[in-house]
Amino acid sequence: MTKLLELRAVVEAAPDAVAAVLLDVGPGGRSPLAATGTIEHDDGDEFVVIQEGSRITVTVDRAARSVSQQGEWWYRGVTSVEPDPRGSLVVHRVFNVAPGHRWAVRMVSRGPLNAAPTAFATQLEQLSRLLGAAAWVITD
């Protein structure tokens, strides 16, 4: 598994409060990451959703305050909530989980990697509104 991208943001709210919203990813959930599509399989904190013809496995780890979304081939996105002196640090990481074919992943990952910062900022804005707390992307 190779990390391809990491995005970070601060939310001025306690980690447990941020995680309570962010990890509510089931269909109809409050989270900006909530699954859309058709649920194929559901085991509570792990389910498979069919989204635009692709199978995405969503796994919630409440103890680690994280949620992962993994596609069938190369993509794995993990969003986590960590304590921060200003409230919470929300970190989104994108990994290549393909067992090989690095050249192919470089080609197909361009679109998702280029779109990730805008999607992350939009999700952070939604999270901020839901919590009634200030939030901003760290751009260092």
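Check the entry above for the structure.
Before going into details, it helps to say that this report is about the structure given with it. Here the structure is a predicted model, which means the values were calculated and not measured. (Residues numbered from 1 in each chain as written. Predicted model: local features only at pLDDT ≥ 70, side-chain atom pairs only at ≥ 80, totals over all residues. Heavy atoms only, no water.)

This next bit is on the overall build of the chain. Summing up its helical and strand segments, the chain has 3 helices and 8 strands in all. Its helices and strands in sequence order give the chain the pattern β-α-β-β-β-β-β-β-α-α-β, from N to C terminus. Relative to the compact-globule value of 14 Å for 140 residues, the chain shows a C-alpha radius of gyration of 15 Å, a close match. Seen through its C-alpha atoms, the chain measures out along the principal axes to roughly 40 × 35 × 25 Å. The buried share of the chain, reckoned over its 140 residues, is 38%. Once local pairs closer than 6 in sequence are excluded, the contacts in the chain between residues at least 24 apart make up 49%. Accessible surface, the chain as shown: approximately 7700 Å² in total, 51% of it carbon and sulfur. Both charge centroids of the chain, one from 13 positive and one from 16 negative side chains, sit 8 Å from each other. (Helix = DSSP H or I, 4+ residues; strand = E, 2+ residues; numbered from the N terminus. Rg over C-alpha atoms; globule rule 2.2 N^0.38 Å. Buried < 20%, exposed > 50% of the residue type's maximum accessible area, 1.4 Å probe, protein only. Contact = heavy atoms within 4.5 Å. Areas by Shrake-Rupley, 256 points an atom, 1.4 Å probe, with all protein chains shown as cover. Lys, Arg positive; Asp, Glu negative; His and termini not counted. Charge placed at Lys NZ, Arg CZ, Asp CG, Glu CD.)

A separate point is the nonpolar core. Ranked by size, the top nonpolar core spans 31 residues in total, and within it Val11, Val18, Val25, Val58, Val67, Val90 and Leu127 carry the most contacts. Put simply, the parts of the chain that give this core at least two residues each are strand 1 (2-11), helix 1 (15-22), strand 3 (46-51), strand 4 (54-61), strand 7 (87-96) and helix 3 (110-131). The biggest single contributor to this core is helix 3, with 5 residues. Beyond its immediate chain neighbours, meaning those up to four positions away, Val90 contacts Leu7, Arg8, Ala9, Val11, Val18, Leu22, Thr79, Ser80, Phe120 and Leu127. (Core = buried A, V, L, I, M, F, W, Y, C linked by side-chain atoms within 4.5 Å.)

Turning our eyes to something else, we now look at the pattern of salt bridges. In total, this model carries 9 salt bridges according to the counting rule given. With a shortest N-O distance of 3.9 Å, Arg93 and Glu82 are connected by a salt bridge. Of this pair, Arg93 sits in strand 7 while Glu82 sits in strand 6 (residues 75-84), and the two are 11 residues apart along the sequence. Judged by its relative accessible area of 21%, Arg93 falls in the partly exposed class. The exposure class assigned to Glu82 is partly exposed, which follows from its relative accessible area of 29%. (Salt bridge = Lys/Arg side-chain N within 4 Å of Asp/Glu carboxyl O.)

On to the side chain of Ser31. Turning to its location among the elements, Ser31 is positioned in the loop between helix 1 and strand 2 (38-42). A distance of 2.7 Å separates a polar atom in the side chain of Ser31 from the backbone oxygen of Leu22. (Polar contact = N/O pair within 3.5 Å; in protein donor to acceptor, adjacent residues only side chain to side chain.)

With respect to topology, 8 strands assemble into an open sheet ordered 2-3-4-5-6-7-1-8, the strand pairing being antiparallel. With partners counted over all chains shown, the strands left at the sheet margins are strand 2 and strand 8 (135-138), one partner each. Taking the axes of each pair of neighbouring strands and ignoring which way they run, one obtains an average angle of 20° across the sheet. Sheet analysis places strand 1 next to strand 7, joined by 9 bridges and oriented antiparallel. Paired with Val10 across the strands is Leu89, a residue of strand 7. Docked against the sheet, helix 1 engages strand 1, strand 6 and strand 7, running at close to 155° with respect to strand 6. Each of strand 1, strand 7 and strand 8 is contacted by helix 3, which is oriented at about 25° to strand 1, the strand it contacts most. (Pairing = 2+ DSSP bridges. Axes fitted to C-alpha atoms, helices over the stretch in contact; angles between N-to-C directions.)

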